[in-house]
Amino acid sequence: MSSPDTLSRLEATIARRRSADPDSSYVAKLNARGLGKIAQKLGEEATETVIAALTEDHEALVGEAADLIFHLMVLLGAKDVALAEVLAELDRREGVSGIAEKAARPGN
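Now for a look at the structure at hand. Within each chain, residue numbers correspond to sequence positions counted from 1 in written order. Restriction of local features to residues with pLDDT of at least 70 applies here, the model being predicted, together with a cutoff of 80 or more for giving and counting side-chain atom pairs; totals for whole chains, interfaces and linings are based on all residues. Heavy atoms from the whole structure form the basis of all side-chain values; hydrogens and water molecules are not counted.

### Description of the overall build of the protein
- Helix numbering and strand numbering both begin at the N terminus, where a helix is a DSSP run of H or I of at least 4 residues and a strand a DSSP run of E of at least 2. Along the protein, the regular secondary structure elements total six helices and zero strands.
- Start at the N end of the protein and walk to the C end: the helices and strands fall as α-α-α-α-α-α.
- Projected onto the principal axes, the alpha-carbon positions of the protein cover approximately 45 × 35 × 30 Å.
- For the protein, the residues scored as buried account for 22% of the 108 residues in total.
- For the area figures, the Shrake-Rupley method with a 1.4 Å probe applies, and any residue is considered shielded solely by the protein chains shown. Accessible surface for the protein amounts to roughly 7500 Å². Of this, 58% is attributable to carbon and sulfur atoms.
- Charged side chains in the protein number 13 positive and 18 negative. The centres of these two groups are separated by 6 Å. Residue burial is assigned from relative accessible area. The probe radius is 1.4 Å, only protein chains are included, and a residue is buried under 20% of its type maximum, exposed over 50%, and partly exposed in between. This count recognises Lys and Arg as positive and Asp and Glu as negative, with His and chain-terminal groups excluded. The atom standing in for a charge is NZ when the residue is Lys, CZ when it is Arg, CG when it is Asp and CD when it is Glu.

Put into structure tokens, the structure is as follows:
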């Protein structure tokens, strides 16, 4: 079973691998191909997660969700967005109605 710091460990692993040899690290290979490729992979994984949710079993959805989270974290790392920032934003939104939170955003 995973612990609460699973995502923190993953974030650290991704950070270390960003500067590795692209021939030996998938994270380094994605980063070498640029932000557009990382974003494309995230989009592909999001689509695969939706498809798994609609048409596949529990295990398939779990696997696709893990891929989605991994690729999101690769993207966040490439943009120098710390996981702590995302978690702080989730904490800020906790207990606030999604409708109210969205209405409070600039431009709504």
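### Topic: the packing of aromatic side chains
- Each aromatic pair joins two rings of Phe, Tyr and Trp (for Trp, the six-membered one) with centres within 6.5 Å, and gets the label stacked for planes under 30 degrees apart, edge-to-face for over 60, and tilted for any other angle. Inspection of the entire model under this criterion finds one aromatic pair.
- Summarising the aromatic geometry, the rings of Tyr26 and Phe70 are spaced 6.3 Å apart at their centres and angled 25° between planes, so their arrangement reads as stacked. In this pair, Tyr26 sits in helix α2 (residues 26–33) while Phe70 sits in helix α4 (residues 58–78), placing the two residues 44 residues apart along the sequence.
- For Tyr26, a relative accessible area of 38% translates into the label partly exposed.

### A short note on a negative patch on the surface
- Judged by side-chain charge, Glu48, Glu56, Asp57, Glu59 and Asp67 come together as a negatively charged surface patch.
- Tracing the sequence through the fold places Asp57 in the loop between α3 (35–55) and α4. Nonpolar side chains (Val, Leu, Ile, Met, Phe, Trp, Tyr) are joined into patches within 5 Å and like charges within 9 Å, using only residues with over 30% relative accessible area and no salt bridge. When a carboxyl oxygen of Asp or Glu is within 4 Å of a side-chain nitrogen of Lys or Arg, the pair counts as a salt bridge.

### Quick word on the pattern of salt bridges
- Evaluation of the coordinates by the stated rule reveals six salt bridges.
- In this structure, Arg9 and Asp5 form a salt bridge, with 2.5 Å as the shortest nitrogen-oxygen distance.
- Relative accessible area serves as the criterion here: at 46%, Arg9 is assigned to the partly exposed category.
- Assessed through its relative accessible area of 38%, Asp5 is described here as partly exposed.

### Things to note about unusual backbone geometry
- Of note, the phi angle at Asp80 is positive, near 55°, even though the residue is not glycine.
- The residue Asp80 is located in the loop between α4 and α5 (83–93) in this model.

### Details of the nonpolar core
- Here, the term nonpolar core denotes a set of buried Ala, Val, Leu, Ile, Met, Phe, Trp, Tyr and Cys residues that are joined through side-chain atoms within 4.5 Å. Ranked by size, the top nonpolar core spans nine residues in total: Ile14, Val27, Leu30, Ile38, Leu42, Met73, Val74, Leu75 and Leu83.
- Among the elements that line this core, the one with the most residues is α4, at three residues.
- What Leu83 contacts, discounting residues up to four positions off in sequence, is Leu7, Ser8, Glu11 and Met73. Only heavy atoms matter for contacts: two residues are in contact if any of them lie within 4.5 Å across the pair.

### A word on the packing of helix α1 (residues 6–17) against α4
- To get an axis, a line is fitted to the C-alpha atoms, and for a helix only the part in contact is used. The angle between two axes follows their N-to-C directions and goes from 0 to 180 degrees. Two elements in contact, α1 and α4, have axes separated by 10 Å at closest approach and are oriented at 50°. Classified by the interaxial angle, the pair formed by α1 and α4 is oblique. Judged by the twist between their axes, the crossing of α1 over α4 is right-handed. Residues Leu7, Leu10, Glu11 and Ile14 of α1 form the contact with α4, whose participating residues are Ile69, Phe70, Met73 and Val74.
- For the contact of α1 with α4, the per-class residue count stands at seven nonpolar, no polar and one charged. Between 65 and 115 degrees an angle is taken as roughly perpendicular, under 35 as roughly parallel, over 145 as roughly antiparallel, and anywhere else as oblique. Each helix crossing is assigned a hand: it is left-handed if the near helix lies turned anticlockwise from the far helix by less than a right angle, otherwise right-handed if that turn is clockwise. In this classification, Asp, Glu, Lys and Arg are treated as charged, Ala, Val, Leu, Ile, Met, Phe, Trp, Tyr, Cys and Pro as nonpolar, and every other residue, Gly included, as polar.

Just geometry here; none of it tells us what the structure is for.
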